[in-house]
Amino acid sequence: MRASYTIKRLTDTTRGLRAERQGRAAEGWSRERLEAHQRQKLQDLVRHAVARSPFYREHLRGVDLSRPVELGELPPVSKATLMSRFEDWVTDPRLSLALVEQHLETLECDDYLLGGYRAMATGGSTGTRGLFIFSRGEWSALLGLMFRLLKGMGVVPRLPRMRLAAIGAPSALHMTYRLSESVDIGLYRRRQLAATLPVLRLVAALNDHQPDYVNVYPSVGALLAEEQLEGRLRISPSVVSTSSEVCTEEMRERMRLAWSLEPYDFYGATDGLWGTSCAEHRGIHFAEDHTLVEVVDSSGRPVEPGQSGAKLLITNLFMRTQPIIRYEITDIVRIEPEPCPCGRPFRLVAAVEGRSDDILQLAGDGGQPVTLHPLVLRSPLARLGGARQYQVIQRQDGLTIRLVPRESADAGTVAEEARQAVRRALAQAGAGSTPVRVELAGSLERDDTAGGKLKLVRSELAR
Ligand SMILES: [Zn+2]
């Protein structure tokens, strides 16, 4: 039983390495070649979805399949809709919701569902929980993409084997954990650590492992950089990448100072949208040979390059068990109008600025509601030299700043500076009457259900 499990996993990863070799040419394609590939794959995807998914047969019934399909004519779909129709959405009728839920409850390591699927869950903390299922072929395609993106950052299987540290989700429910399990077949010397561990435990484990490459949530990366600068952490990675949360300029600066390198941005979502920054470090290239990305405003209209959208519509070209066609995600993204000097055909995402779910609604000074982007609060707080970490929480009685002061700073002074900085930002935004209080903390709690991620700005009010 275990032997066959090991052989299967080994096969999946070997196929992933092969997929990397076959797929790497896409990085050198022209934009025209890429768009031709996208059009072809879109036709295959839509026809597969209509043939095999009862949900899509109904959802796309107005679409004329006797001719090539245009992306813009396909109706968008939300996670809530897909999850509410889960059993009609999936293309294998054996995958009932009850079966998947039951499997996830007892899941360990990299276990298969029905002998050939990997199931995982996303985002329990806000909105709808998503369940995503990958066949072995889909998983190998994803691994191929991951190997390609890692290679772009200089992380390749070689001898002597590179030492990797993956600091992320604490359980097998999450994709980062499973990917890391999948490559644990001797390609690298790997240490997997939960982002929810106390920082000093992470420091001890990293000092012991001495990684060449670290992938970490940026909020944890910034704390570790601090530990390095203060002399408790002693590692010298050649590559660091951050994923899963917004990486602020201040976090990036701490990591630059600590390790004398430019951290890469790694974007990988369970719905199959993946990308990384390139060596130019001007933004993220989504792997557009695998996923189509449309930046749209809150009404779903396309947004011009250079402008921030309210959400993305993504269409995944390789996921077949759960077809994803113009699927809404709430990331606020801005596409650079100019191509990247690296020459990849993939557009450059200037910044993933957060999620539109994180935008706060406040009572304005003139009685009008004020919409506040998290950046408005992040910027002034990030500038506070005495703050090690912060989080802003909107509650019924106003905004609470949870603040972890630096050891070297006077806690009372930093708390007052934080309160004043946020008050000034609110006044400028027209919401100066919002009450602001500061709570000092020794550390900030991470959300286990969201894979141990930390949101810098969040609301506890019902939407
Ligand atoms: Zn580039």
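It should be noted that the structure appears before, not after, this text.
Small disclaimer: the values here were computed from a predicted structure and weren't measured.

The rules we used
Residues numbered from 1 in each chain as written. Predicted model: local features only at pLDDT ≥ 70, side-chain atom pairs only at ≥ 80, totals over all residues. Helix = DSSP H or I, 4+ residues; strand = E, 2+ residues; numbered from the N terminus. Rg over C-alpha atoms; globule rule 2.2 N^0.38 Å. Contact = placed C-beta atoms within 7 Å. Axes fitted to C-alpha atoms, helices over the stretch in contact; angles between N-to-C directions. Left-handed = near helix turned anticlockwise from the far one by under 90°. Nonpolar A, V, L, I, M, F, W, Y, C, P; charged D, E, K, R; others polar. Pairing = 2+ DSSP bridges. Expected span 1.5 Å × (residues − 1). Buried ≥ 20, exposed ≤ 12 C-beta atoms within 10 Å, placed from the backbone. Right-handed = clockwise from strand over helix to strand, strands pointing away. Parallel < 35°, antiparallel > 145°, perpendicular 65-115°, else oblique.

A.B. asks: Looking at this structure, how should I read the overall build of the chain?
C.D. replies: Looking only at helices and strands, the chain has 13 helices and 20 strands in total. Taken over C-alpha atoms, the radius of gyration comes to 22 Å for the chain, in line with the 23 Å a tight globule of 463 residues would show. Taking the intrachain contacts of the chain between residues at least 6 apart in sequence as the baseline, contacts between residues at least 24 apart amount to 64%.

A.B. asks: I would appreciate a short explanation of the packing of helix 10 (residues 218–229) against helix 11 (residues 249–259) in the present structure.
C.D. replies: Two measures define how a pair of helices packs: the angle their axes make with one another and the distance between the axes. Packing of helix 10 against helix 11 brings their axes to within 8 Å, and their N-to-C directions diverge by 35 degrees. Helix-helix and strand crossings are classified by hand; for helix 10 and helix 11 the assignment is left-handed. Where helix 10 approaches helix 11, its residues Pro218, Ser219, Gly221, Ala222, Ala225, Glu226, Gln228 and Leu229 are matched on the opposing element by Met251, Arg254, Met255, Leu257, Ala258 and Trp259. Residue composition of the contact of helix 10 with helix 11, grouped by class: nine nonpolar, three polar and two charged.

A.B. asks: Mind showing me how you'd approach the sheet that holds strand 12 (residues 327–329) here?
C.D. replies: Taken in spatial order, the three strands line up as 10-11-12 in an open sheet, and their pairing is antiparallel. Every interior strand has two partners, whereas the edge strands, strand 10 (291–296) and strand 12, have only one. On average, adjacent strands in this sheet sit at an angle of 30 degrees to one another, irrespective of strand direction. Bridge analysis of strand 11 (residues 311–316) against strand 12 gives three bridges, and the strand direction is antiparallel.

A.B. asks: Before we go on, may I ask you to explain the environment of proline 93 in this structure?
C.D. replies: If you trace the backbone, proline 93 turns up in the loop between helix 5 (86–89) and helix 6 (97–105). Spatially, the C-alpha atom of proline 93 lies 48 Å from that of aspartate 397, the residues being 304 residues apart in sequence.

A.B. asks: I tried to follow the sheet that holds strand 19 (residues 436–440) on my own but got confused; where do I start?
C.D. replies: Sheet strands pair by backbone hydrogen bonding; their relative direction is either parallel or antiparallel. Read across the sheet, four strands follow the order 19-18-17-20 without closing on themselves; strand pairing throughout is mixed. Two strands lie at the open edges of the sheet, namely strand 19 and strand 20 (457–459), each paired on one side alone. The average undirected angle you get between the axes of adjacent strands in this sheet is 25 degrees. Taken together, the eight bridges between strand 17 (residues 387–395) and strand 18 (residues 398–405) define a ladder with antiparallel strand orientation. Each residue of the ladder has a partner; that of glutamine 391, found in strand 18, is arginine 402.

A.B. asks: Would you mind showing me how to read helix 7 (residues 136–152) here?
C.D. replies: Here helix 7 spans 24 Å end to end across 17 residues, near enough to the 24 Å set by a 1.5 Å rise per residue. Summarising burial for helix 7: 13 of the 17 residues are buried, a large majority. Taken from the residues just after helix 7, glycine 154 is the one with a positive phi, measuring 90 degrees.

A.B. asks: Is there a simple way to think about the pairing of strand 4 (residues 189–194) in this case?
C.D. replies: A regular strand places its side chains so that they alternate between the two faces of the sheet. Taken together, the six bridges between strand 3 (residues 163–168) and strand 4 define a ladder with parallel strand orientation. If you follow isoleucine 167 over to strand 4, its bridge partner there is leucine 193. Read from strand 3 through helix 8 (residues 175–182) to strand 4, the crossover connection turns out right-handed.

A.B. asks: Even after reading the chapter, I still don't get the environment of alanine 172, so can you show me in this structure?
C.D. replies: With respect to the helices, strands and loops of the structure, alanine 172 is situated in the loop between strand 3 and helix 8. Given 19 C-beta atoms within 10 Å, alanine 172 falls into the partly exposed group. Counting along the chain gives 65 residues from alanine 172 to leucine 107, while the straight-line C-alpha distance between them is 6.8 Å. When neighbours within four sequence positions are excluded, alanine 172 is seen to be in contact with Leu107, Glu108, Cys109, Tyr177 and Arg178.

A.B. asks: What's the story with unusual backbone geometry in this structure? I'm lost.
C.D. replies: Apart from glycine, the bulk of residues carry a negative phi angle, and the bulk of peptide bonds sit in the trans form. Look at the link from leucine 159 to proline 160: it is a cis peptide, with omega at -10 degrees. The topology assignment puts proline 160 in the loop between helix 7 and strand 3. Even without glycine at this site, serine 244 takes up a positive phi of about 75 degrees. Looking at where serine 244 falls in the secondary structure, it is placed in the loop between strand 6 (239–243) and helix 11. Classification of serine 244 as buried rests on a count of 26 C-beta atoms within 10 Å. A positive phi angle, near 50 degrees, is found at serine 260, a position not held by glycine. With respect to the helices and strands, serine 260 occurs in the loop between helix 11 and strand 7 (264–268).

A.B. asks: What should I look at first to understand the packing of helix 1 (residues 2–23) against helix 7 in this one?
C.D. replies: Direction vectors running N to C along helix 1 and helix 7 enclose 55 degrees, while the axes themselves pass 7 Å from each other. Viewed along their axes, helix 1 and helix 7 adopt a mutual orientation that is oblique. The two elements helix 1 and helix 7 cross, and the hand of that crossing is right-handed. Taken together, the residues of helix 7 that come into contact with helix 1 (itself represented by Asp12, Thr13, Arg15, Gly16, Leu17, Ala19, Glu20 and Gly23) are Arg136, Trp139, Ser140, Ala141, Leu143, Gly144, Leu145, Phe147 and Arg148.

A.B. asks: What's the story with the environment of aspartate 447 in this structure? I'm lost.
C.D. replies: Looking at where aspartate 447 falls in the secondary structure, it is placed in the loop between strand 19 and strand 20. Take aspartate 447: there are 16 C-beta atoms within 10 Å of it, and that puts it in the partly exposed class. A C-alpha to C-alpha distance of 10.0 Å links aspartate 447 and alanine 169, two positions 278 residues apart in sequence.

A.B. asks: Teacher, can you tell me more about the pairing of strand 5 (residues 213–216) here?
C.D. replies: Covered by surrounding structure in strand 5 are Tyr213 and Asn215 together with Val214 and Val216, the residues of both alternating faces. Examined bridge by bridge, strand 5 and strand 6 share four bridges and lie parallel to one another. Each bridged residue has a counterpart across the sheet, and for valine 214 the counterpart in strand 6 is valine 240.

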